[in-house]
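Each chain is listed here by its residues.
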Amino acid sequence: MKSTEPVRVAVNIRPLKGCTDCITVTPDEPQVHIGSHTFMYDFVFGNAGLHSSQIYHRCVAPLVEDLFKGYNATVLAYGQTASGKTYTMGMGTNCGTNEGIIPKVMEDVFTRVEAVKSQIRVSFLEIYNEEIYGLLASNPSRAPIIIRETASGEITLQGVTEVDVKTKEEMSSYLARGSFTRASGSTNMNIQSSRSHAVFTISLQITTAEEILCAKLRLVDLAGSERANRTGADGMRLKEGRHINSSLLALRNVISLLGDERKRKKGGHVPYRVSKLTRLLQDSLGGKSKTVMIACVSPAISDVEETLNTLRYANCARNIKNQAVVQKQKTSAPSFMFNELTPSKSEAKNKAVVQKHKPSVPSFDYDAMFKELTPSKSESLPVYDKPVYDEDVFEAITELQYNEDVFEAISELQIPSTSQPDDVSSSSSPSEFRKHNTSSLDVSPKKTESKQEDKCQNKPMEIIYLTDDEAEVQEKCFIDLTTDEEAEDQEKQIIDLTTAECHLELKELNKRLEEKEAEIRGYEEKVQLEKDKRALQ
Ligand SMILES: Nc1ncnc2c1ncn2[C@@H]1O[C@H](COP(=O)(O)OP(=O)(O)OP(=O)(O)O)[C@@H](O)[C@H]1O
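All values derive from a computational prediction rather than experimental measurement. (Residues numbered from 1 in each chain as written. Predicted model: local features only at pLDDT ≥ 70, side-chain atom pairs only at ≥ 80, totals over all residues. Heavy atoms only, no water.)

Comments concerning helix H3 (residues 101-112)
Counted at 1.5 Å a residue, the expected span for H3 with its 12 residues is 16 Å, and the 17 Å between its end C-alpha atoms agrees. Among the residues making up H3, those that are buried are Ile-101, Ile-102, Pro-103, Val-105, Met-106, Asp-108, Val-109 and Phe-110. (Helix = DSSP H or I, 4+ residues; strand = E, 2+ residues; numbered from the N terminus. Expected span 1.5 Å × (residues − 1). Buried < 20%, exposed > 50% of the residue type's maximum accessible area, 1.4 Å probe, protein only.)

Spelled out as C-alpha cells, the structure:
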C-alpha cells in the first residue's frame, strides 16, 4: 500500500523571556505573522495558538497509530539554538519525566503493544562533527558508525547498537542514558546546548497470522543553528557550531529543492549526499516515511532574523511530498515465529544483519544512572577530528545572514550527483563484517518500485547468524560510501555551497559599501559647497 503524504509542519513558539514579542498568531488559525510576512502551517502551538501540551495528541499520536499499521514515521525538531527543540522532544533533563514528545510516544507504544504480538528495539545515535556515533554502545571508544548503501539504494548503518526493550521503563532508561552521553555544552545562548543532532529510533515488528509488519519511528532532535557572535563560541564550541551550521545548510538546501514544485517537476538532483544528516533523513524528506516537522521558534525580537529563517524553511517543508509505504512481508505459516525466521541465501542479501549487542542492563534510577555515567562522559565523547573544511569559509558561514537572495540562490544550486558504483566494495572480510552490529536506518530511495511494495525493506529485527557464504552474499550487496574519494567529494560539495553563499554575501556587502561611499561623497560635496558659499560671502 502506498500513499502520497505531504510533510506536515507544526510551529512551536516557546514562552517569551521578558522581551518584546515579534510574532503574532491568528486566533483559531495555524497562521503566523512576523514583520510583513505571513505563513500558514498545519498547526501552531504557543502564543495565541494551541497550547503546547497538545503537540503530542495533534501531531505525533497519528504517527504512532501509523507505526502500528506498518508505516515508517519521523518527528523532526528544527530551529535555532535555545528555541526549545530538546525540551519539546523530551530528550533533555526532562527525559526522565513525562514531559515532551518521546515519553508520551513510549507511553502510547507500550499501551498499544499489549494488544498485539510484537517485538520492540531501540537505537540512539548522534551526528557530532560530521561523524555518526551510537549513544547506547557499551564500548567507551565510540567508533564512528559507517553509512552503507545496498544495491537497491537502501541506507544501512554499520556499527549501531540496537537493543530489545520489553517495558516502557527500560526504553525510558535507554533514552536517558543516550541523552546523557550525547554531546552538549554551554554557550551564551543556552546553558545546555546540544552539540550534535540526535536520532532516537523505535523499531517495531508486529507478527500476525498473515504478515509481519516492521516499521520505525524516528525521533530527531537537531542541533540548533547558531551565530558565533551571539553564542560567544570559540575553540571547541566554535568548531562544533560550524559543523552544525554546515549540516543544517545542507538540510535547508534539500528542503528548498524538494519544497519547490517547479524544481521538483524539472527533476533536479536532490543533494542528500552532501552531509550525513541529509543522508540519514533521506527517507523522511522525499522518501517513504510519514513525517512531521516541528519548527521551534523564539518570539523574542532579538531572535527575529533566525525565527524568520526557521519559519521560511518550515513553510517550504510543507510542500515536500513523501510516498508512504507499508513495510510488511508475508508470514508463510500461521504459527510462524518471529525469532525463528532464518533467511535463505537469496533473502540474506536484502536484509541487514543485526547481532544482539546489549549495553549494560539499564538502571531505572535516573539519579544513580547519571552518577554512574558522569565520570565516563568526557571519556566517551568523541575525539576531535582535524578540521575537515576550510576555516575561512566556515568563519563566514557561521556568521552568514540567510537573506532572501541567499535562499533563492541556494535553491538554484544544482549539486552534481555523486556517482554510485555499480559494483560492490567493502573493506572488511566476511568474518570481520560479522563482528559488527549492523542495522538499517531504512532510508530508502525516492523511487518506489511497485514490486517491492509489499516486501519488508527494512532490516528485520530478528537476530541472524550467517554462514561465511551468506555473509559474503550480504557483503556484496553493500556499497561503502565512505571511501576517501567519496568523502572528499562530499566535502567539496559543501565547500562549493558555502563558497557560493559567501560570494553572494560579499556581493551584498560590496553593494552596501558602494552606497555608503556614494553617501559620503554627497556629504563631502555638500560640505565643500558650504565652504565655497562662506568664502564667497
Ligand atoms: N516551552 C518551554 N517552556 C519552558 N521552558 C522551555 C521551553 N522551551 C525551552 N525551554 C527552556 O529553554 C532552554 C533551552 O531549550 P532547549 O535546550 O530545549 O533548546 P534547543 O533548541 O534544544 O537548543 P540547542 O539547539 O542549543 O540544543 C532550556 O532551559 C529549556 O528548559
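Next comes the rest of the description.
Quick notes on the sheet that holds strand E5 (residues 37-40)
On the basis of which strands lie adjacent, the open sheet formed by 3 strands has the order E3-E4-E5 and antiparallel pairing. In this open sheet, the two edge strands, each paired with only one partner strand, are strand E3 (23-25) and E5. Looking at each pair of strands side by side, their axes are set apart by 25° on average, direction ignored. Each of E3, strand E4 (31-34) and E5 touches helix H9 (residues 304-317); the most contacted strand, E5, lies at about 40° to it. (Pairing = 2+ DSSP bridges. Axes fitted to C-alpha atoms, helices over the stretch in contact; angles between N-to-C directions. Contact = heavy atoms within 4.5 Å.)

Observations regarding the UniProt feature "binding site: ATP" (unreviewed entry) in the chain
In the numbering adopted here, UniProt assigns the feature "binding site: ATP" (unreviewed entry) to Gly-79, Gln-80, Thr-81, Ala-82, Ser-83, Gly-84, Lys-85 and Thr-86. Note on placement: Thr-81 falls in the loop between strand E7 (73-78) and helix H2 (85-89). Note on Thr-81: relative accessible area 4%, which makes it buried. Residues contacting Thr-81, with those up to four places away along its chain left out, are Met-189, Asn-190, Ser-193, Gly-224, Ser-225, Glu-226 and Thr-231. Turning to its location among the elements, Ala-82 is positioned in the loop between E7 and H2. (UniProt positions renumbered as here; feature names shortened; annotations may be inferred.)

Some thoughts on the packing of aromatic side chains
Tallying each qualifying case throughout the model produces 3 aromatic pairs. Centroid distance Phe-43 to Phe-45: 6.0 Å. Interplanar angle 25°. Geometry classified as stacked. Of the residues examined, Phe-43 reaches a relative accessible area of 12% and is grouped as buried. Given a relative accessible area of 0%, Phe-45 falls into the buried group. Relative to Phe-200, the ring of Phe-124 lies with its centre 5.1 Å away and its plane at 85°, an arrangement referred to as edge-to-face. Placement of Phe-124 in strand E8 (residues 118-128) and of Phe-200 in strand E15 (residues 197-207) is noted, with a sequence separation of 76 residues between them. Across this residue pair, the class does not change: Phe-124 and Phe-200 are buried. (Phe/Tyr/Trp six-rings, centres within 6.5 Å; stacked < 30°, edge-to-face > 60°.)

Thoughts on the pattern of salt bridges
A full pass over the atoms with the stated rule returns 15 salt bridges. A salt bridge links Lys-290 to Glu-5; its shortest N-O distance comes to 3.2 Å. Of this pair, Lys-290 sits in strand E17 (residues 290-297) while Glu-5 sits in strand E1 (residues 2-6), and the two are 285 residues apart along the sequence. Glu-5 carries the same exposure label as Lys-290, and that label is buried. A salt bridge links Glu-211 to Lys-328; the nearest nitrogen and oxygen atoms lie 3.7 Å apart. Taken together, the residues Glu-211 in strand E16 (residues 211-221) and Lys-328 in strand E19 (residues 328-330) connect sequence positions 117 residues apart. (Salt bridge = Lys/Arg side-chain N within 4 Å of Asp/Glu carboxyl O.)

Remarks on the packing of helix H1 (residues 55-67) against H3
For any two helices packed against each other, the geometry is given by the interaxial angle and the distance between the axes. The N-to-C vectors of H1 and H3 enclose an angle of 45°; their axes lie 10 Å apart at closest approach. The angle between H1 and H3 places the two elements in the oblique class. Here H1 and H3 pass one another in a crossing that is right-handed. Contacts between H1 and H3 involve Ile-55, Tyr-56, Val-60, Ala-61, Val-64 and Glu-65 from the first element and Ile-101, Lys-104, Val-105, Asp-108, Val-109 and Arg-112 from the second. A class-by-class count of the residues in the contact of H1 with H3 yields 8 nonpolar, no polar and 4 charged. (Parallel < 35°, antiparallel > 145°, perpendicular 65-115°, else oblique. Left-handed = near helix turned anticlockwise from the far one by under 90°. Nonpolar A, V, L, I, M, F, W, Y, C, P; charged D, E, K, R; others polar.)

With respect to the site of the ligand
As a matter of local geometry, the ligand sits amid 15 residues, with Thr-81, Lys-85, Thr-86, Ser-193 and Ser-194 nearest to it. Contact between the ligand and Ala-82: an oxygen atom at 2.9 Å from a main-chain N or O atom of the residue. If the ligand stood free it would expose 630 Å²; the protein chains cover 77% of that surface. Counting residues per element, the ones that place at least two in the shell around the ligand are H2 and strand E14 (193-194). With 3 residues, H2 is the largest single contributor of residues to the shell around the ligand. A class-by-class count of the residues in the shell around the ligand yields 3 nonpolar, 10 polar and 2 charged. (Near = heavy atom within 4 Å. Polar contact = N/O pair within 3.5 Å; in protein donor to acceptor, adjacent residues only side chain to side chain. Areas by Shrake-Rupley, 256 points an atom, 1.4 Å probe, with all protein chains shown as cover.)

A word on a negative patch on the surface
Taken together, Glu-514, Glu-515, Glu-517 and Glu-519 make up a surface patch of like negative charges. Along the chain, Glu-517 turns up in helix H16 (residues 484-536). Accessibility expressed as a relative area gives 41% for Glu-517, which makes it partly exposed. (Patch = residues over 30% accessible without salt bridge, like charges linked within 9 Å, V, L, I, M, F, W, Y side chains within 5 Å. Lys, Arg positive; Asp, Glu negative; His and termini not counted. Charge placed at Lys NZ, Arg CZ, Asp CG, Glu CD.)

A word on unusual backbone geometry
Although it is not a glycine, Asp-28 adopts a positive phi angle of roughly 60°. Although it is not a glycine, Glu-130 sits at a positive phi angle of roughly 65°. Here Glu-130 lies in the loop between E8 and strand E9 (131-134). Classification of Glu-130 as buried rests on a relative accessible area of 13%.

Digging into the nonpolar core
Core analysis: the largest hydrophobic core is formed by 49 residues, its most contacted members being Ile-101, Val-105, Phe-200 and Leu-219. Here this core gets 8 residues from one element, more than from any other, and that element is H1. Core analysis: the next-biggest nonpolar cluster, separate from the first, contains 48 residues, Cys-22, Val-199, Val-254 and Leu-285 among them. (Core = buried A, V, L, I, M, F, W, Y, C linked by side-chain atoms within 4.5 Å.)

Re the packing of helix H6 (residues 235-258) against H9
H9 packs onto H6 with a crossing angle of 45° between their chain directions and a minimal axis gap of 8 Å. Considering the angle they form, H6 stands oblique to H9. Handedness of the H6/H9 crossing: left-handed. In contact with Arg-252, Ile-255 and Ser-256 of H6, H9 contributes Glu-306, Asn-309, Tyr-313, Cys-316 and Ala-317. Across the contact of H6 with H9, the residue classes break down as 4 nonpolar, 2 polar and 2 charged.

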